[in-house]
Each structure stands twice: as structure tokens, then as C-alpha cells.
Amino acid sequence: MQFGYFDDLRREYVITDPRTPMPWANYLGSPAYGAIVTQNAGGYSFVKSGAAGRILRYTFNQFDEPGRYVYLRDEADGDFWSASWRPVEKDLKDFHTVTRHGTAYTSIQADYRDIHSEVLYYVPLNTDHEVWCVRVTNQGRTERKIGVFGYCEFTTESFYTQDLVNMQYTQFITVTEFHKDHILQRINQFCDLNADGENGRERFFGMTGNPVVSYTGRRERFLGVHRFHEPQGVLDGKLDNTVNFNGNPCGALHTVLTLAPGESRTIAFVLGQKGEKAAEALLARYADPEAVVSAEWKTLCDYWHGKLDHLHIETPDHDLNTMVNTWNAFQCFTTFVWSRAASLIYAGERNGYGYRDTVQDIQGIIHLDPQMAKERLCFMLSAQVHHGAGLPLVKFDHNPGHEDTPEQDSYVRSTGHPAYRADDAMWLFPTVYKYIAETGDLAFLDEVIPFADYDEGTVIEHLKRSIDFTMHHLGFHGLPAGLHADWNDCLVLGASGESSFVAFQFYMAMRQLEELLEGREEYAEYRSWLKESAADILRKINEFFWEDDRFLRGYTQEGAVIGSKHDPEAAMWLNPQSWSVISGGATRDQAEKSMQSVYDILNTPNGIELLAPTYKKHYFEGARMRLFNPTTKENGGIFCQSQGWAILAEALLGHGNRAFQYFKESCPAAYNERAEIREVEPYVHSQFIEGHETPQPGRAHVHWLTGTASTVMVGMVEGILGLRPTPNGLRISPSIPAEWDGFTMDKYFRGKNLHITVDNKAHHESGVQSVLINGKAADSMILTDDMLSDGDQITIVM
Ligand code: GLC
């Protein structure tokens, strides 16, 4: 089944049937103010934190409500509808609606009885308020009087769980007031007041463009005994001009538009966390909404499209194009901005940045906005403890140099993280490497950055300490210990159990650091040590982790093997195989065999399962994935993040056909016409897909905020498209389906726009025969800065 299509020119996903199997959402805003909106106007808003800064209520796991509702009512006969299909749910035979999810805006159009409406939801760039711009057009031949009602449901206070569960307190701390063009909500109205008589907890919901005719600030009066599909206030055609005192606050404002045939009128609802004066000033700015909104919307589009334009591809495959050019890219920015804090699945309780997640997320945007990536990378380096480990959770208000750590009870109590994980700081290596390779900014290595608890050091020093941390945490065989978790949150290997995943990461880390220090005399000795240590780790990997056609997953605390082909359960694991290739640790023979085993044992039509057979009876204590149903999440589900690494690994091996097959299997866009399989949005990745042992293989879960965004992005860009920068310059080495004749890429690289044409008339899967710059053969495969000029035409002949 199909519910919509990709409008690539406008970078929008267009939902034509609102009855999607799950709410299909979009993200608006910035770290200062975030909002989630679905095609039925469901969703919520928050200031900085989904859990601690919640201003709009949302009932998770229910009916995708409440939301940002706009109701329209024909004054002549009282017939009413909503500007989105829900909540009123008019018969779709008479009511036509289209939702356009774009880059940080969503527009919902509806047509009903000759009235066309269009609501544009967005958060203006660099602001902390949101706008719902409503344009209503009379497409009939007679004059119409249309009542317009805007409704939002405020939380009683900013802590989302308090609003939900601590009603004996929260219902009695808040009131609403009406002022000319807005409802103002106050919380703890006599406490902590500043000179203006306010305490910064005020929220407002205002309307501009036409006078308010009636209002209510009290949810029960808006709804009456009904629900959102039939609110009393809209039934009555007029709100009762009451405010809230003890109970549930809301913002509801009503106006009436008289529309001549063909006439359009525009009003705007504006909402945010601001006191009376600030709200008044802001609303004054929107007095003539039409002009302000179109300017703000253009600025917003220019901002996002400007970033996304830094890589534009045209390949024979539409799904790859739309994911690389728009949707996977926008999802990468979204995970970068909101980490795992706020979606329709994450309620925002994870009040900070997960270390590994965030360092991985950075990788997804480096090729589009290296400066933004660098800022976050510095932040994450400053969340590394002096001994080299990463803080498992970096608080949103992280204070470098002054943080407590898992060694202290205070940290454990405030974050719930009792111990270090083996992989966290290991992610710094590929991320620092990618940043430097993209920009050529080798000087970054010498920038001084504080550690989380105390002390400071250059980026090199930070990386060295991360190596030290792993060196000080080796298990039985002298291979990296798995500690509280490695990448897999469900794998607890402790101080003596060992992880092959981290071993490969460690091997790669040492090689990458060694490469970055090339030519630096002062590190000559350290570089030799790195080389020897890497060789030593690789020897041990081969001795203790390799088994005929696969790499093992590790050893338990008791020294038992995990992931041997002789094991009754979890005999084959995906990540050690892909990482053996990505890290450069596997020999060609090992790489071919282990990746073939992945294909033979783990692959399904919807992606590669994380392990097989699933854990049911033969698990060890640290195998916590047994908590999950079979082929679900870490218990052998198709964990989409790992699919990205498999794409990359196959591409690095030059297996273009297989890399592309893996891309398609789990590509959201590839399911656009079969959306009932994945159920979630066909324009963004989800955390995992159900595998073969569930009643609905292929169903995807945990939308938007997932590490999948960045790994699949890297798999597509570096892997398939073959854009593989090094500190010295750009290497282009595609791994594509042999049937492609070629493709083009417009890439912004180190200040220059490059137009790249890949010629594959020879129909190879990989391998570059020659590189031409403006028609002339290049001297090397790596395009260094001095070889490139802005506007160059690069031809890659495969
Ligand atoms: C989730 C976590 C991530 C972890 C992965 C595998 O995606 O956010 O940190 O690596 O699960 O357990």
C-alpha cells in the first residue's frame, strides 16, 4: 500500500492518504525549541528537553493526540472539520487532504465543501517559538463565513512525567489568563519572580491577522464532555471566555473570517514559552502574518537546503538519490540535534547525549557541515574523562572540567549509568579521522580541550588516553574487555570477558591515529609503538577470534566462547564480520569468507539479522538480549545501524552489487509502495526491523532518532558512492551495481564545488581505471588541494 510520494524537487515527502499504519512525523525547530508534528497534526513541543522542558502534552502510544489543532466551521450551518484529517475525521470521500513534510516545516492542506485550507507549521530559524500559519481560501461562488479555532494543550508544568502522574500537585500550580490576542499560562505564579513580575515559566498561545472573537484557557471547557473530534466549543460555534484555575490548561482562540468568492485570508497562531511582554512583542511582529511567514519560511528552506546541497547525486536509483540528497541527510541532522531525546517513542527521559550515539551521529553530517560537526566533536572530547573513557551519558548542561563520573555515586544517581562501556571513546577515532579528511584541518589535532572531570590536553592527547584506557582494560587473552557494554547495550562482558567488536575498533583506532601523526617527528616513537601494538592485537584477534568462516563475538567473563559455529544459539554474529573489514583487520580470504557467511546465514529480504539463531535457552548471564522476543531488537532483529556497516564492508571489498542489495533491503524509500510492511515512515530509518521469527517480518520500529541514520549515510556516501576523503585529499572509488552506466555527484569539498561524473560503461562493480580533471588525466588517485579548483569537472572511469 502507498500513502504518499517523494517530491524531490521541493525536498518534501507528500502524504496523500492520512490513514498511515503509524503516525508519520516530522521535526521542526532547533536545540532551543523542538517540535514534532504528524500528518494529523499530532505531536508535542518542548524547550531544550523533551522531558524537562515539555510545553505541549502528547499521549504516547495512543491515538496520536493531542496536537496542534485547527478547526474550521461553516457559520451558516454549523458543519465543522479540522484542517488536518484528524481529529474530526471527515469522510475522505468529501474531505481531501495532503501533508507535505519538508525540511523542518510541515504543511497540511485540506479541501472540504469549497473551502481550501493550508496550515504551515514551523519554528523560525534561530528562534524559540513556533508558528502555525493558516490560510483559508473560499473556492466557491458564494460568500462564506468560516469560524477558525486554534487549540493547543499545555502541560501543567515542564516536567513531562510530573504532568502525567503527579496530578495532586501539578493541577494546582497553574492558571491561564486572556490578553487581547493570546492566552497566557502561568506556573507557580507567585514564585521566583523577576523584576517584570514573571518567573520564566510562562507560556503563551496567540493569534494574529484577525481579532479574537472568543477564547478559553481551560481544556474541559473547550472539549466539554466530548473528545477532540467533537469539541464542545466548536459545536457551539463560540468558546465560553473562561480561563483555567486548578485543572488542565489549554490555549484555544476563535475568530471568524468572511470570505468573498475566490478570497484568501491568512492568520497565524504563535506559541512558545514566554512571558506577557515578550509574547506581546512577538505577536506584534506577526501582525501581518502573510509577509513575515513567507520570509521566515524562505530563510528556513535556504538554511536547510544550503546544507543539503553540499552533496547532490543523480544515480539510476531514485531511492538512493532521495535518501542521500534529502531524507537520510535531514535525518542525520535530526539525530545530531536531538540525539535520542524526543520522538513519538522516546519521551525525552534520556536527558543528555549518549557518548557513542553522539560521536556516531556526528559522522552523518561531516560531509555536509564539517564546522557544525567540529563543534560537537570538541564538546564530546570535553566529555572524555581524564583517564580516556567517555562519560556514558553527557548531560545537556555538561560542564567540562567539573563533571562527576561513574566512579562517583552522584553521577550514577543522576544518570543511571553505573559503569564505563568499552567502545564509547573508540568512536572518536573514525569521527576525528573523517572530520580531518573532509576538511584537511590537521591543526585540529593540536587544539587543547578540557577533559570532563579535570585536566586538559590536545586532541592527540585525548586520543592517546583513549588508547590507554583500552590498554588498561584487557581481558583473559589480552584483547579488549567488553566492560558494561560494547556497541551492543545488551552484551555485558565485564572486566575479563572480551569483545571482538572492540578489538577491531581498537585495531582501527591505532592505525588511524598512526596515520594522522604521519610526518610528526615528535611522535615518531609513539607511532612505532602504535604500529607494534596494532600488529600485536591483530595477531591475538587471529589466534582467539577467527574460526574457519567467521569471527567470534567474544568471550564471557568465565572465558566461554560467544558466537562459535558449534554454539546451539547465537552461533553467527553480524558486527564482527563487517568490522573485520571496516577496520582493515581481516585478510582478503577472511573478509570474503566471513561476509559470505553473513549473506548465507543472516540475510533476509528486509535486511541482515544481528545474530542467529536467536537466544532462547542457551544464553549466558551477560546476554541480556534474551529479554527480547526472537528476531527483535538485539536478539537477532535486523538492527538497522549494523546494516549500514554491512553496506560499507561490502563496498570496501569492492562488492558493489551486494553493497547495493543490502542498501535496498532496508531502505525506507524502497518500501514506499509497500508501506504496510514497515508501517513507519518511508522517508526515515528506524532502529530495527523485525526478523524472520516474528508474525510480521519487515515491520520497523523506533523511528527517526537512531544511529542507523549515520551508519547508512556513511555506507552510501563512502561505501557505494565511493567518496572516501583522506587527510591528503579526496579519493573517489565507487562500489556500485555493475548494471549502472554511471552517475553524477555535485560535491562541495574544502571550499570548492566539484562536479563528478562516474563513467561505468564497462559495467564493473568497483575499481577505478582513470581519473580526469577537466578532461586531463590526474597524476594520482587522491585529489589533493593543489590539484583542485572551484567548478572542476572530475571524471572517474571505472
Ligand atoms: C541503541 C542504542 C545504541 C546501541 C544500540 C545497540 O541503538 O542507542 O547506543 O549501540 O542500541 O545496542
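Note that the structure is a prediction, hence the values are computed from the model and not measured. (Residues numbered from 1 in each chain as written. Predicted model: local features only at pLDDT ≥ 70, side-chain atom pairs only at ≥ 80, totals over all residues. Heavy atoms only, no water.)

1. A few points about the pairing of strand 14 (residues 182-187)
Next up, step 1: Of all 6 residues in strand 14, 6 are buried; the element is thus mostly enclosed.
Next up, step 2: Here strand 14 shows two buried faces, one formed by His182, Leu184 and Arg186 and the other by Ile183, Gln185 and Ile187.
Next up, step 3: Pairing geometry for strand 13 (residues 174-179) and strand 14, over 6 bridges, is antiparallel. Bridge pairing in strand 14 places Thr176 opposite Gln185.
Next up, step 4: Counting the residues that bridge the hairpin from strand 13 to strand 14 gives 2 residues, and of these Lys180 lies at a positive phi of roughly 35°. (Buried < 20%, exposed > 50% of the residue type's maximum accessible area, 1.4 Å probe, protein only. Helix = DSSP H or I, 4+ residues; strand = E, 2+ residues; numbered from the N terminus. Pairing = 2+ DSSP bridges.)

2. A word on the site of the ligand
Next up, step 1: For the ligand, the full set of nearby residues is Arg350, Arg356, Asp357, Trp487, Asn488, Asp489, Glu634, Phe639 and Gln687.
Next up, step 2: Asp489 places a main-chain nitrogen or oxygen 2.9 Å from an oxygen atom of the ligand.
Next up, step 3: Glu634 is positioned such that a nitrogen or oxygen atom in its side chain is 2.4 Å from an oxygen atom of the ligand.
Next up, step 4: In the complex, the protein chains occlude 95% of the 300 Å² of accessible area that the ligand would expose alone.
Next up, step 5: A breakdown of the residues in the shell around the ligand according to their chemical character gives 2 nonpolar, 2 polar and 5 charged. (Near = heavy atom within 4 Å. Polar contact = N/O pair within 3.5 Å; in protein donor to acceptor, adjacent residues only side chain to side chain. Areas by Shrake-Rupley, 256 points an atom, 1.4 Å probe, with all protein chains shown as cover. Nonpolar A, V, L, I, M, F, W, Y, C, P; charged D, E, K, R; others polar.)

3. With respect to the pattern of salt bridges
Next up, step 1: Counted according to the given criterion, the structure contains 63 salt bridges.
Next up, step 2: Among the salt bridges present, the one from Asp357 reaches Arg340, with a minimum N-O distance of 3.7 Å. Placement of the pair is Asp357 in helix 8 (residues 355-363) and Arg340 in the loop between helix 7 (318-338) and strand 20 (352-354), with a sequence separation of 17 residues.
Next up, step 3: Each member of the salt-bridge network shares a partner with another, and the members are Asp74, Asp77, Asp79, Lys90, Arg113 and Arg144. (Salt bridge = Lys/Arg side-chain N within 4 Å of Asp/Glu carboxyl O.)

4. Observations regarding the sheet that holds strand 5 (residues 45-46)
Next up, step 1: Read across the open sheet, the 3 strands follow the order 3-4-5; overall the sheet is antiparallel. At either margin of the open sheet sits one strand with a lone partner, and together these are strand 3 (25-30) and strand 5.
Next up, step 2: By the bridge criterion, 6 bridges tie strand 3 to strand 4 (residues 33-38) in an arrangement that is antiparallel. If you follow Tyr27 over to strand 4, its bridge partner there is Ile36.

5. Considering the packing of aromatic side chains
Next up, step 1: In this structure the tally under the stated criterion is 56 aromatic pairs.
Next up, step 2: Residues Trp740 and Phe743 carry aromatic rings whose centres are separated by 5.9 Å and whose planes lie at 70° to one another, so their mutual orientation is edge-to-face.
Next up, step 3: By relative accessible area, which is 4% here, Trp740 ends up buried.
Next up, step 4: In this structure, Arg227 packs its charged tip against the face of Phe63, placed 5.2 Å from the ring centre.
Next up, step 5: Its guanidinium or amino end placed over the ring of Tyr599, Arg658 lies 3.5 Å from that ring's centre, counting from NZ or CZ. (Phe/Tyr/Trp six-rings, centres within 6.5 Å; stacked < 30°, edge-to-face > 60°. Lys NZ or Arg CZ within 6 Å of the ring centre and 35° of its normal.)

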